[in-house]
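As a plain string of letters, each chain reads:
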Amino acid sequence: MTLAAVVLAAGKGTRMKSGQPKVLFPLGGQPMLGHVLDTLAACRVEKVVVVAGHGLQQVAAYVGERAQVVCQEQQLGTAHALLMAGSALEGFAGDILVLCGDTPLIRPGTLEQLVQEHRRQQAAATVLTAQLADPTGYGRVIREADGRVSRIVEQKDATADELAVKEINTGLYCLRSTGLFAALKEIRPQNAQGEYYLTDIIGLYVGRGERVAALSCADPAEVAGINDRWQLAQAERTYRLRRLEELAKSGVTVLDPEHTYIEVDVTVGPDTVLLPGTYLARGTRIGRGCTIGPNSYLRAAVLGDDVQVCYAVVEESYLGNSCTVGPFAYIRPGCRLADQVKVGDFVELKKATVGMGSKIPHLSYVGDATVGSGVNIGAGTITCNYDGKNKWPTVIEDGAFIGSNTNLVAPVTVGAGAVTGAGSTITKDVPAGALAVERAKQKIVPDWKKKGGQGGE
Ligand code: UD1
Ligand code: CA
């Protein structure tokens, strides 16, 4: 039996109070819709159709080749939305999973169970339900005395007794394709919201004597529907705790899960310690035995093993084994640090390659630079890489020693083993092994005070 999926994603998301389509709001750094598509990719689904409407262009651009996008021009309700997928699924004979773009935490295993239960029961429709301590806002699942599902009632249409029901409709279903689209056309918008409710398919099927089943999702957090930003915040918390738990179980120490943040596409090796205030954004790869934080932000940062990053920001850069960064360092995109590099406090690096064991311990800006190995860069060193029009490169070769407060006016090269005197403004290349000093000679005026001198000269 084949399986297709339809993701309902056309709604405006009025309760988000935003111009951005709701399903493109990020969760763990990735649009909610992306999570749903990832989950479907993990299931064996033959064809995926996304119903888009509000923000169609944006949604279609985001979905790209991952699914067929169909348009629901007017958002007349979830039944109407599913109907729009009809032509895309013409000739498809199998089961159809219906998901919502605003229910991003659903796991592949749960969808597989839903399909299994649907097939085991040979049902025309199987609804995924959940027991919620606070069911407010969700549709309620109404059952007969014998336990069989009879219908779903929306919050806004429910009686006081129905509102007391704690079993909710997750908005996720497995539906037999045969007869589905014909049945959808029979649904009428006779309800408080004047919408075509997909939920009405349940009562409709039951009324016709078709088999309707229900599966209760064990973890209610998985089926949270996100309608407003507060629910998004709760989902973000669920997502990150889920990811941090996986990391902890794989050998990562997470000191304070409530204050550690993680996005999609992040890996962390065992024996790494994540200290509070760590934010690991997309594309970050951390090796083994590292210590990250407290209070550090890493985005698309690739770290070897035994790296320490403390109160620092690292973006789109590579840090070799045993590097130490911070406190208060800023590694901007395009940096590549070999092993055992030290980047200390109040140091900013941009498009810098730094060789093995080199040290930039304090108060420096190194940009558009190639620094060799075993280099020591004194406090206050600045690469003057920008002349107001162009960016120019600085090269500091192996073993060079840059005196404190040196200005390196690029383009400039300091040769291997060369030294620059503290306070020098270096405008010409320094040959290997040479000393370059550029500063006025110190003048001494003896007994200045006795002669009545005040302040400076
Ligand atoms: C819906 C269910 C409710 C369930 C809840 C679970 C209906 C009538 N109600 O309510 O029983 O408890 O989800 O989260 O189905 N959409 C469209 N086109 C439309 C309307 C909606 O594509 O015309 C999409 C939305 O983008 C969203 C999904 O369908 O992804 C659900 O719509 P939403 O308005 O959020 O429904 P709920 O009120 O949450
Ligand atoms: Ca919803």
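Above this text you will find the structure in question.
Residues numbered from 1 in each chain as written. Chains lettered and ligands numbered in written order. Predicted model: local features only at pLDDT ≥ 70, side-chain atom pairs only at ≥ 80, totals over all residues. Heavy atoms only, no water.

A few words on the coordination of the calcium ion (ligand 2). The protein atoms that coordinate the calcium ion (ligand 2) are Asp102 (OD) and Asn227 (OD1), at distances spanning 2.3 to 2.4 Å. With Asp102 in the loop between β6 (95-100) and α4 (108-120) and Asn227 in the loop between β11 (212-216) and α8 (229-249), this pair connects stretches of sequence that are 125 residues apart. Using a relative accessible area of 17% as the deciding quantity, one classes Asn227 as buried. (Donors = N, O, S within 2.8 Å, 3.2 Å for Na, K, Ca; no water. Helix = DSSP H or I, 4+ residues; strand = E, 2+ residues; numbered from the N terminus. Buried < 20%, exposed > 50% of the residue type's maximum accessible area, 1.4 Å probe, protein only.)

Bridging between strand β13 (residues 260-262) and strand β16 (residues 278-281) involves three bridges; their strand directions are parallel. Across the sheet, the residue bridging to Thr260 is Thr278, located in β16. Taken together, the four bridges between β16 and strand β19 (residues 296-299) define a ladder with parallel strand orientation. Following the sheet pairing, Ala281 is matched in β19 by Arg299. (Pairing = 2+ DSSP bridges.)

Turning our eyes to something else, we now look at the site of ligand 1. Close to ligand 1 lie 24 residues, the nearest being Gln72, Gly77, Thr78, Glu154 and Asn169. Leu8 places a polar main-chain atom, nitrogen or oxygen, 2.9 Å from an oxygen atom of ligand 1. Note that an oxygen atom of ligand 1 is positioned 2.8 Å from one of the backbone N or O atoms of Ala10. If ligand 1 stood free it would expose 760 Å²; the protein chains cover 91% of that surface. For the shell around ligand 1, the elements supplying multiple residues, two or more each, are β1 (3-9), α3 (78-83) and β10 (167-176). Within the shell around ligand 1, the residues separate by chemical class into eight nonpolar, 12 polar and four charged. (Near = heavy atom within 4 Å. Polar contact = N/O pair within 3.5 Å; in protein donor to acceptor, adjacent residues only side chain to side chain. Areas by Shrake-Rupley, 256 points an atom, 1.4 Å probe, with all protein chains shown as cover. Nonpolar A, V, L, I, M, F, W, Y, C, P; charged D, E, K, R; others polar.)

Taken N-terminus to C-terminus, the directions of helix α1 (residues 32-42) and α4 make an angle of 60 degrees; their axes are 9 Å apart at the nearest point. It follows that α1 is oblique to α4 by the angle criterion. Judged by the sense of rotation from one axis to the other, the crossing of α1 with α4 is right-handed. Here Thr39, Leu40 and Ala42 of α1 lie close against α4, whose contacting residues are Pro108, Leu111 and Glu112. Taken together, the residues of the contact of α1 with α4 break down into four nonpolar, one polar and one charged. (Axes fitted to C-alpha atoms, helices over the stretch in contact; angles between N-to-C directions. Parallel < 35°, antiparallel > 145°, perpendicular 65-115°, else oblique. Left-handed = near helix turned anticlockwise from the far one by under 90°. Contact = heavy atoms within 4.5 Å.)

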